[in-house]
Amino acid sequence: MFQSIIDYFESIDPILAALYATLFTWFLTALGASFVFFFKNMNRVVLDGMLGFTGGVMIAASFWSLLAPAIEMSKGEGFVKVIPAAVGFAMGALFIFGLDKILPHLHINFKETEGIKSPWQRTTLLVLAITLHNIPEGLAVGVLFGGVAAGIPEASIAGAVTLAIGIGIQNFPEGIAVSMPLRRMGMSRWKSFMYGQSSALVEPIAGVLGAVAVTFFTPLLPYALAFAAGAMIFVVVEEVIPETQQDKNTDIATLGLIGGFIVMMTLDVALG
């Protein structure tokens, strides 16, 4: 089945493939958000474990799918070869750092508001927080497909599809993490679902923009891959991991992170 998917994506324009792949990652977010139609509460232990899993997938994807290919395709030897990855990684982290300080958003625990002060409702701030997470994820998938369109040997359809699958898997608990707290606050099931799924709508946009940018500026690919990796690692360390440490479920969250890392590493090595 996986080979059939690869064959299909190889038969279409890579930018269109980036759109389809990121629509898939959005769909799994919406699928997670749909749980709000069946449950009003989500056990905090389960949620922390799932968020830990999300962090593990993002860390593994950052190295196996993004940083390693970025270094491999860079020219030169020694320090020269790693410069594009180092610069791109730093720029990605600084980009999300800047958004984190500017964009008003609220953490899942509803206790910590960050960014500039805003009169926006807490529901909007929570959705913005998860949207912030999803920008580098969509960008990462799009950049890989853009590398394929540009004819870069180190970029493959299989690798891009594998990354999309991994991102999609970890988006599932993110959909739950948005919709469930909103439902618990008294919002209707339908509104909770709509807010939950809308947090991932930025992924197709970021994916297509990333693919188009790399297609037109091929030398940017190593920087762009590392940029996405730096952005993802910043999100994991600054947002995801601290979120799982709010209660007494740190061991569960840590095991979830290890599990997510293993799953993404296995997918990337076996399929990518």
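Here the structure is shown first, and the text comes after it.
Residues numbered from 1 in each chain as written. Predicted model: local features only at pLDDT ≥ 70, side-chain atom pairs only at ≥ 80, totals over all residues. Heavy atoms only, no water.

Engineer: Let's hear about the overall build of the chain: which residues, and what values?
Structural biologist: If you tally the helices and strands in the chain, you get 10 helices and 2 strands. Counting helices and strands in the order they occur from the N terminus, the chain gives α-α-α-α-β-β-α-α-α-α-α-α. A buried classification covers 52% of the 272 residues belonging to the chain. Sequence-distant contacts, at least 24 apart, represent 80% of the contacts inside the chain between residues at least 6 apart. In the structure as shown, the chain presents an accessible area of about 11900 Å², 72% of it carried by carbon and sulfur atoms. (Helix = DSSP H or I, 4+ residues; strand = E, 2+ residues; numbered from the N terminus. Buried < 20%, exposed > 50% of the residue type's maximum accessible area, 1.4 Å probe, protein only. Contact = heavy atoms within 4.5 Å. Areas by Shrake-Rupley, 256 points an atom, 1.4 Å probe, with all protein chains shown as cover.)

Engineer: Tell me about the side chain of Asn171, residues and numbers included.
Structural biologist: If you trace the backbone, Asn171 turns up in helix α6 (residues 157–184). Other than its neighbours up to four places away in sequence, Asn171 contacts Thr25, Leu28, Thr29, Asn134, Glu137 and Glu203.

Engineer: I'd like a rundown of helix α2 (residues 14–33), residues and numbers included.
Structural biologist: Over its 20 residues, α2 extends 29 Å from the first C-alpha to the last, a length consistent with the 28 Å expected when each residue adds 1.5 Å. Along α2, the positions that sit buried rather than exposed are Pro14, Ala17, Ala18, Ala21, Thr22, Thr25, Leu28, Thr29, Ala30, Gly32 and Ala33. At the N-terminal end of α2, a side-chain oxygen is found 3.0 Å from the backbone nitrogen of Ile15, two or three residues along, and the residue is Asp13. (Expected span 1.5 Å × (residues − 1). Polar contact = N/O pair within 3.5 Å; in protein donor to acceptor, adjacent residues only side chain to side chain.)

Engineer: Can you explain the environment of Pro136? Please cite residues and give values.
Structural biologist: Structurally, the position occupied by Pro136 is in helix α5 (residues 122–149). Assessed through its relative accessible area of 1%, Pro136 is described here as buried. Remark: the alpha-carbon pair of Pro136 and Val235, spanning 99 residues in sequence, is separated by 8.8 Å. Other than its neighbours up to four places away in sequence, Pro136 contacts Ile96, Ala228, Ala231, Met232 and Val235.

Engineer: Residue-level account of the packing of helix α3 (residues 44–73) against helix α4 (residues 79–102), with values.
Structural biologist: Where α3 meets α4, the closest approach of the two axes is 7 Å, and the angle between their N-to-C directions is 140°. Crossing of α3 over α4 shows right-handed handedness. Together, Leu67, Ala70, Ile71 and Glu72 of α3 and Lys81, Val82, Ala85 and Phe89 of α4 make up the contact between the two elements. (Axes fitted to C-alpha atoms, helices over the stretch in contact; angles between N-to-C directions. Left-handed = near helix turned anticlockwise from the far one by under 90°.)

Engineer: Quick rundown of the side chain of Ser62? Include the residues and the values.
Structural biologist: Mapped onto the secondary structure, Ser62 falls in helix α3. Polar side-chain contacts of Ser62 include one of 2.7 Å to the backbone oxygen of Met58. Look past the residues within four positions of Ser62 in its chain and what remains in contact with it is Leu67, Ala229, Met232 and Ile233.

Engineer: I'd like a rundown of helix α8 (residues 202–216), residues and numbers included.
Structural biologist: Given a rise of 1.5 Å per residue, 15 residues ought to cover 21 Å, and the 21 Å separating the end C-alpha atoms of α8 matches this to within 8%. Those residues of α8 that fall on the buried side of the exposure criterion are Val202, Glu203, Pro204, Ala206, Gly207, Gly210, Ala211 and Val214.

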